[in-house]
Structures are given as C-alpha cells and as structure tokens.
Amino acid sequence: MQKLANLVGGSLQPSLSAHELEVWEPAVGQVYASAPQSDAADVEAAVATAQTAFTTWRETPSSERARLLHRLADLIERDLEAFAAAESRDTGKPLSLARSLDIPRSIANLRFFAAAATQFASESHAMEDGAVNYTLRQPHGVVGCISPWNLPLYLFTWKIAPALAAGNCVVAKPSEVTPVTAAMLAERSIEAGFPAGVLNILHGGGAVGGAIVAHPQIRAISFTGGTTTGRHIALAAAPLFKKLTLELGGKNPSIVFADCDFEAAVTGVVRSAFANQGEICLCSSRVLVERSLYPRFREAFVERVRALRVGDPLEPDTDQGALVSAAHYGKVMGAVATARKEGGKILCGGEPAQVHAARCAKGWFLQPTVIEGLAASCETNQEEIFGPVATLLPFEDEAEALAIANGTAFGLATSLWSRDVQRCHRMAAQLESGLVWINTWLLRDLRTPMGGTKHSGLGREGGFEAMKFFTEPKNVCLKY
Ligand code: NAD
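Here we summarise the structure given alongside this text. Starting from 1, residues in each chain are numbered consecutively following that chain's sequence as written. Reporting of local features is limited, given that this is a predicted model, to residues whose pLDDT is at least 70; pairs of side-chain atoms are given and counted only at 80 or more, and all residues count toward the totals for whole chains, interfaces and linings. Heavy atoms from the whole structure form the basis of all side-chain values; hydrogens and water molecules are not counted.

On to the packing of helix α2 (residues 62-78) against helix α4 (residues 95-119), then. Look at α2 against α4: their axes get within 8 Å of each other, and the N-to-C directions meet at 170 degrees. Considering the angle they form, α2 stands roughly antiparallel to α4. Touching Ser-62, Ser-63, Ala-66, Leu-69, His-70, Leu-72, Ala-73, Asp-74, Ile-76 and Glu-77 of α2 are Ile-103, Ile-107, Leu-110, Arg-111, Phe-113, Ala-114, Ala-117 and Thr-118, all from α4. To obtain each axis, a line is fitted to C-alpha atoms, and for helices this fit is confined to the stretch in contact; angles are then taken between N-to-C directions over 0 to 180 degrees. Strands are runs of DSSP state E lasting at least 2 residues, helices are runs of H or I lasting at least 4, and numbering of each runs from the N terminus. The scheme is simple: roughly parallel for angles under 35 degrees, roughly antiparallel for over 145, roughly perpendicular for 65 to 115, oblique for anything else. Note on contacts: a residue pair qualifies if any of its non-hydrogen atoms lie within 4.5 Å across the two residues.

Here is the structure:
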C-alpha cells in the first residue's frame, strides 16, 4: 500500500503524531494508500521552517524563482503519464481527462506564473508639485493554500505557483480525499531544487486546514472549496485581519436561446453539465431553455446524456467515471431523492450505474441524470449538488431568464448560448456571475480574473490578480 508523506523543511516525513488517514480508490471502492493525518503541531513546524526560508526566498531574484517553477513544470511533464494515472485513480475521473485536462493545466499553471514572476510590475503616480508615488509590492511572508478534491493538482498548483512566484513561502494542504498528486508534487519539488522550507505540503483533513487558517504567522489564505467551509474560514480569519481569497460553490446556469447554434449548444451544455462527473465548480447544473426551443432541446439533450458512457476510468471511451467518495455519492443520491420528493420528473438517470468492468463492482458510479418540472425556487434548483445531475427549466424571455439565473445565493459562472451578440452583451452585463461564457464553456485564459460573486466567493485568482493577492502594496511617496 502506498504511504504518502508530508513535505516540511525540504524533507518528506510522516505527521508528528504519526497518525494516518485512509485514501480510497473511488472506481473500486477500496483503500489503496494512506496519508499523514497532520495537526496543529505539524503546522507549527511547517511555519517555522517557512519563516526561516523566507529571509532568503524574498531576496531570490524573480528569474531564479521562475527557473525553479519551470523546472518543476518540466518534471511533471516528464512524468505526465504517472501523474495522470494517479489523478484518475484518486478521483475516479476518466484517465483520458486527467491526461488531457488536469495534468497539462497543472503544468501550464506553473509555467504561467513562472512568467508572471518576471513580468509583474507595479504602478507609479507622479504629482504635479514635485513628488512621485510608487507602489512596492512585497510578498507577505508565509501564506496558506487549501484546495479541494475535484481538480486536485490543477487547483493546488493554481494557488502555489503565484504564491511562490510573488516571493512567499507556502504551507499548502490538498484535500484529504485526493492527496496523491500533491505528494508527488512534493517529491518533484525536492528534485527541482526548491530551497528547504519554501514549499511545505501537509496532508490531513479540516482540522489541519483550520490550524493553517488560525496560525498567526500565516498572513494570507487562498482557499478553494465549499461555501460552508468558506464561511468557517472567513469567520476564523476576520479577527486576525488575514487576506483571503475564497473560491466557493456554485449553482451555475446555462442559458439557451432559440436563436442559438443548436448543435453547438447541445454539445456545449452536455459537456458543461457532465464533464468530470459534474464535479467542477464551473459546471452548469441548471439548464435554462427558451420555451419555443424547449421540446426540441430537451429531446436532443436527453438523448446525448443517455449516450454518455459511464465506466471504468481506465477505459479510453469512458465519458464519466466514479464519484469521488462514498460520502459524496450518498450526498448526490440524496439530492436526486429530494428532486423526486419535490415533484421533479427524472428524464434519464437517477440510479446507480452498472459498470461492466468487474473490478468496478463496488465503485461509486451514478447514471448521468436530467430532471425537469421543478420550480426555480426549490431546493434542487437552489443548492449545489456537484455531481452528474442537471435540471431543465423553460423560460419565456430574457427578463425571466435573468431572474432565474440570478435567483440563487450563488454567482460563479454562466454560459449563454445565442447568436444575438447584442443580447449576449446585455445579459452578460446583468448576470450576477463572476464569469460569463458566450457560446462556449470552460475556455480559460489564465490572465483573466477567476472567481465568484455572492456566496460563490471573495476575491479573484488568475493572472496579475493572483500576484496582487499574494503581495502587499506599499505606497512610497518621494518629494523632490
Ligand atoms: P471542502 O470545503 O469540504 O474542502 C476543501 C478543503 O478545505 C479541503 O482541503 C478540506 O480539508 C479543507 N477544510 C475543511 N474544513 C476546513 C476548515 N474548517 N478550515 C480550513 N480548511 C478546511 O470542499 P470539497 O468538498 O473538497 O470541494 C467541493 C467544493 O469545492 C464544491 O462546493 C465546489 O463548488 C467547490 N469548488 C470551488 C471552486 C471555485 O473555483 N470556486 C473550484 C473547485 C471546487
């Protein structure tokens, strides 16, 4: 059985308590590895070594920080197959997806912020009466990065890379549900030659996350995960005046107008609802369709969803793998039961999926599920499900589409499907959503601000937004 280690002070080690947690393989429903169950003592040790490392790291030229980040990217690229296999095994997602999305994007994150390290600049404000202000952007010191299980290495590197690029030392915690690729990253960071203590990786559950948030020497926290956890973190961090970015849950709409490119819309919305088993924060879970198109769209959509192949993540033609854990499987099945109770009509799915691979007999597989006939205000259409479940909702006109789209506590991502450019601009301006895609979904430019409004979060990641978050601006006013 694989035994994972923490990375503290440049060496791989168990937690100080030597406690361990089990790591499960979702496609087979069995434990296959163990990870350290860290606690506040491990956070203390990691912060101490990170503080020592910071005195040198903050003075390290940005070109050297960039070189190390590129070197780490090179090593993941070299071992891409091993990383993809590990990510698929740990999450239940199709190997083909880990190979084409998760790991390439993790490499891209490291390379993108390697470049940002050398290109980040700050402002100056000249005054007419003989003075100039310039902004120094200095790293905070030690920062905390906490990530979820759905895109493990992708989201972990999305935080760690800008934090390091900006000159901070890092104490990072991957999800306890999917710790394996973070442990592999720890090994590669040693091989890449990162100085001891610059990057520290602690495994464990919410308790160690809480200890990172509470540690007085950790100046900033970058968190991605659920809205409830985000609320706990905001409450814990507020009295300590920590900087925070919170990337939280969503209840994202896809809005399909009758004038859309029909084929592109059906294909795009199926992907946006069911990619990665629907376990992407940006997935659409509410599909709003203009009433005149509704019957035709519903028929084509359900047909395409029925055709999605649920199967062993290792098989190349698998579209949808296993849900990440027994607990999450139970939560999604519970949401389907709620939809039934609320009077929803299950158009397809709604049941455990039978997967033909014998090794997957005990895996957590669910048929992709489409539901209609529910009010926009019901629990199914208000609460995040975060699984392969989408609802269909008809609307009459733009005003109603907007009211339904904006009518939840969340505000993360929307995709609009229409050929009317003016309408798309109008809608984009009025949607309460951190991201709006028009006639596409999950097309990402890493320079753009990424994050949500309302209960979907606080602050933005991506591009120079991330570099700004991980630095403290200091105004210097010089009279001459
Ligand atoms: P989660 O909130 O349960 O856990 C996320 C991380 O927080 C894990 O590492 C966990 O151990 C840690 N944690 C738990 N309790 C903590 C505490 N009290 N203090 C500090 N850390 C704590 O989320 P999850 O179930 O792993 O991920 C799914 C959720 O993440 C969904 O709601 C999804 O929408 C959201 N998500 C959001 C984005 C985004 O960019 N907005 C991206 C991916 C996932």
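With that settled, the discussion passes to the site of the ligand. Residues are counted as near a molecule or strand when any one of their heavy atoms sits within 4 Å of it. Of all residues adjacent to the ligand, which total 29 residues, the nearest are Ser-147, Glu-176, Thr-229, Leu-248 and Glu-384. Between the ligand and the protein, one listed contact pairs an oxygen atom with a backbone N or O atom of Ser-147 at 2.8 Å. A distance of 3.3 Å separates an oxygen atom of the ligand from a polar atom in the backbone of Gly-225. Looking at the shell around the ligand, the elements that each hand over two or more residues are α7 (206-214), β11 (218-224) and α8 (227-237). The element that contributes the greatest number of residues to the shell around the ligand is α7, accounting for four residues. Residues belonging to the shell around the ligand are distributed by class as follows: 13 nonpolar, twelve polar and four charged. N or O atoms within 3.5 Å of each other form a polar contact, as long as, within protein, one can give a hydrogen and the other can take it, and as long as residues adjacent in sequence are counted only when both atoms are side-chain atoms. Following the grouping adopted for this structure description, the nonpolar residues are Ala, Val, Leu, Ile, Met, Phe, Trp, Tyr, Cys and Pro, the charged ones are Asp, Glu, Lys and Arg, and the polar ones are all others, Gly among them.

The next subject is the side chain of Glu-461. Locating Glu-461 in the fold gives a position in the loop between β20 (457-458) and α15 (463-469). Of the polar contacts made by the side chain of Glu-461, one reaches the side chain of Lys-159; its length is 2.7 Å. Contact partners of Glu-461, with chain neighbours within four places excluded, come to Trp-158, Lys-159, Ser-222, Thr-224, Thr-245, Glu-247, Thr-448, Pro-449, Met-450 and Ala-466.

Bringing the packing of aromatic side chains into the picture now. The pairing test for Phe, Tyr and Trp rings, Trp by its six-membered ring, is centres within 6.5 Å, and the orientation test on the planes gives stacked under 30 degrees, edge-to-face over 60, and tilted for anything in between. Scanning the model with the defined rule gives twelve aromatic pairs in all. Put simply, the rings of Phe-262, Phe-274, Phe-297 and Phe-301 touch in pairs and so form one group of aromatic residues. Its guanidinium or amino end placed over the ring of Phe-257, Arg-423 lies 3.9 Å from that ring's centre, counting from NZ or CZ. Only lysine NZ and arginine CZ atoms are considered, and such an atom sits over a ring when it is within 6 Å of the ring centre and within 35 degrees of the ring normal.

This part is about α7. Since the α-helix packs 3.6 residues into each turn, any two residues three or four apart lie on the same face. Buried within α7 we find Val-208, Gly-209, Ala-211, Ile-212 and Val-213. Close packing links the buried residues of α7 with α1 (40-57), β8 (142-146), β9 (169-173), β11 and α8. Exposure categories follow from relative accessible area, calculated using a 1.4 Å probe and restricted to protein chains: below 20% of the type maximum is buried, above 50% is exposed, and the middle band is partly exposed.

In this section: unusual backbone geometry. One non-glycine residue, Ala-18, adopts positive backbone phi at about 65 degrees. Summarising the element assignment, Ala-18 is placed in the loop between β3 (11-13) and β4 (20-25). If you check the backbone angles, Phe-241 has positive phi at about 55 degrees while not being a glycine. Note that Phe-241 resides in the loop between α8 and β12 (243-247).

In contact at an axis separation of 9 Å, α2 and helix α6 (residues 180-192) are set at 125 degrees when each is read in the N-to-C sense. Relative to α6, the element α2 is oriented oblique. Note on packing geometry: the crossing formed by α2 with α6 is right-handed. Touching Leu-68, Arg-71, Leu-72, Leu-75, Ile-76 and Arg-78 of α2 are Leu-185, Arg-188, Ser-189, Glu-191 and Ala-192, all from α6. Two helices crossing with the near one rotated counterclockwise from the far one by less than a right angle form a left-handed crossing, whereas a clockwise rotation gives a right-handed crossing.

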